[in-house]
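Fold and geometry: a report
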Amino acid sequence: MKPAGEHRIHQLFEVSVWLKGAHALIECAGGVLLYLVTTETIASWVNMFTQEELIEDPNDFIAGYLSRMASQFSLDSKEFYAFYLLSHGLIKLLLVIGLLRGKLWSYPASLVALGLFMAYQVYRYSYTHSPGLLVLTVFDAAVMWLIWREWKMVRHHGSA
């Protein structure tokens, strides 16, 4: 039987891995959607959602930003984001499945993959200054710590 502290960490590990899995599915769906939808359709959707806000307040920062981004969204950008979301999501989904099934290869692979994703997120943050990237990076760091702890416990209990 695991001590109470180990049990709590294991529960946090499982919840964080399930959240990563849900995020991976959303990324996969977003990537597929981007592959299927034209840039013109994306621009018209954004314009439809921001039109009312821009009529009410032509200087609305978020609506104006989204509208400008949609009008400049190129086919190359769309394909990059579609590929990025789909590949990123599929990699994370594979790792989540491995972690939830307790596959030993998935622990170090997850640590490496999350470390690389975090490095890229920090790199992107240096250009975008998006608070969302910081939140995601902090969450990934916490998940990495939980994976490392779980891996340590799995190896310890496996050798005992």
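Heads up: these notes are all about the structure in this document. As the structure is a prediction and not an experimental result, all values here were calculated from the model.

1. What about a negative patch on the surface?
Residues Glu52, Glu53, Glu56 and Asp57 make up a contiguous surface patch of negative charge. Here glutamate 52 lies in helix H2 (residues 39-56). Overall, the relative accessible area of 65% leaves glutamate 52 in the exposed class.

2. So, the packing of helix H4 (residues 75-100) against helix H5 (residues 106-128)
The contact between H4 and H5 brings their axes to 9 Å, and the two run at 150 degrees. What the angle tells us is that H4 and H5 run roughly antiparallel. You can see that H4 and H5 cross each other, and the crossing is left-handed. Two secondary-structure elements touch here, H4 through Phe80, Tyr81, Tyr84, His88, Ile91, Lys92, Leu95, Gly98 and Leu99 and H5 through Ser106, Tyr107, Ala109, Ser110, Ala113, Phe117, Tyr120 and Arg124. Along the lines of polarity and charge, the residues of the contact of H4 with H5 split into 11 nonpolar, four polar and two charged.

3. Some points on H4
In this model, H4 (26 residues) spans 37 Å end to end at C-alpha, consistent with the 38 Å of a helix rising 1.5 Å per residue. Burial in H4 covers these residues: Lys78, Ala82, His88, Gly89, Lys92, Leu95, Val96, Gly98 and Leu99.

4. Concerning the pattern of salt bridges
The final tally for this structure, using the stated rule, is two salt bridges. Residue aspartate 140 is joined to lysine 20 by a salt bridge in which the shortest nitrogen-to-oxygen separation is 2.1 Å. Here the residue aspartate 140 occupies a position in helix H6 (residues 131-159), and lysine 20 occupies one in helix H1 (residues 4-36), the gap between them amounting to 120 residues. Its salt-bridge partner being glutamate 27, residue lysine 92 comes within 3.3 Å of it at the nearest N-O pair. With a gap of 65 residues between them, lysine 92 in helix H4 and glutamate 27 in helix H1 connect regions that are remote in the sequence. Neither lysine 92 nor glutamate 27 differs from the other in exposure class; each is buried.

5. Describing helix H3 (residues 61-71)
For H3, the full list of buried residues reads Ala63, Gly64, Ser67 and Ala70. Seen end-on, H3 carries its buried residues on one side only, within an arc spanning 130 degrees. Of the exposed residues in H3, the ones pointing more than 90 degrees away from its buried face are Phe61 and Ile62. In this structure, the buried residues of H3 make contact with H2. By the N-cap criterion, in which a side-chain oxygen at the helix start approaches the backbone nitrogen of a residue two or three places on, H3 is capped by aspartate 60, the distance to isoleucine 62 being 3.2 Å.

Reading the values: rules and limits
Residues numbered from 1 in each chain as written. Predicted model: local features only at pLDDT ≥ 70, side-chain atom pairs only at ≥ 80, totals over all residues. Heavy atoms only, no water. Patch = residues over 30% accessible without salt bridge, like charges linked within 9 Å, V, L, I, M, F, W, Y side chains within 5 Å. Areas by Shrake-Rupley, 256 points an atom, 1.4 Å probe, with all protein chains shown as cover. Salt bridge = Lys/Arg side-chain N within 4 Å of Asp/Glu carboxyl O. Lys, Arg positive; Asp, Glu negative; His and termini not counted. Charge placed at Lys NZ, Arg CZ, Asp CG, Glu CD. Helix = DSSP H or I, 4+ residues; strand = E, 2+ residues; numbered from the N terminus. Buried < 20%, exposed > 50% of the residue type's maximum accessible area, 1.4 Å probe, protein only. Axes fitted to C-alpha atoms, helices over the stretch in contact; angles between N-to-C directions. Parallel < 35°, antiparallel > 145°, perpendicular 65-115°, else oblique. Left-handed = near helix turned anticlockwise from the far one by under 90°. Contact = heavy atoms within 4.5 Å. Nonpolar A, V, L, I, M, F, W, Y, C, P; charged D, E, K, R; others polar. Expected span 1.5 Å × (residues − 1). Arc of directions from axis to C-beta. Polar contact = N/O pair within 3.5 Å; in protein donor to acceptor, adjacent residues only side chain to side chain.

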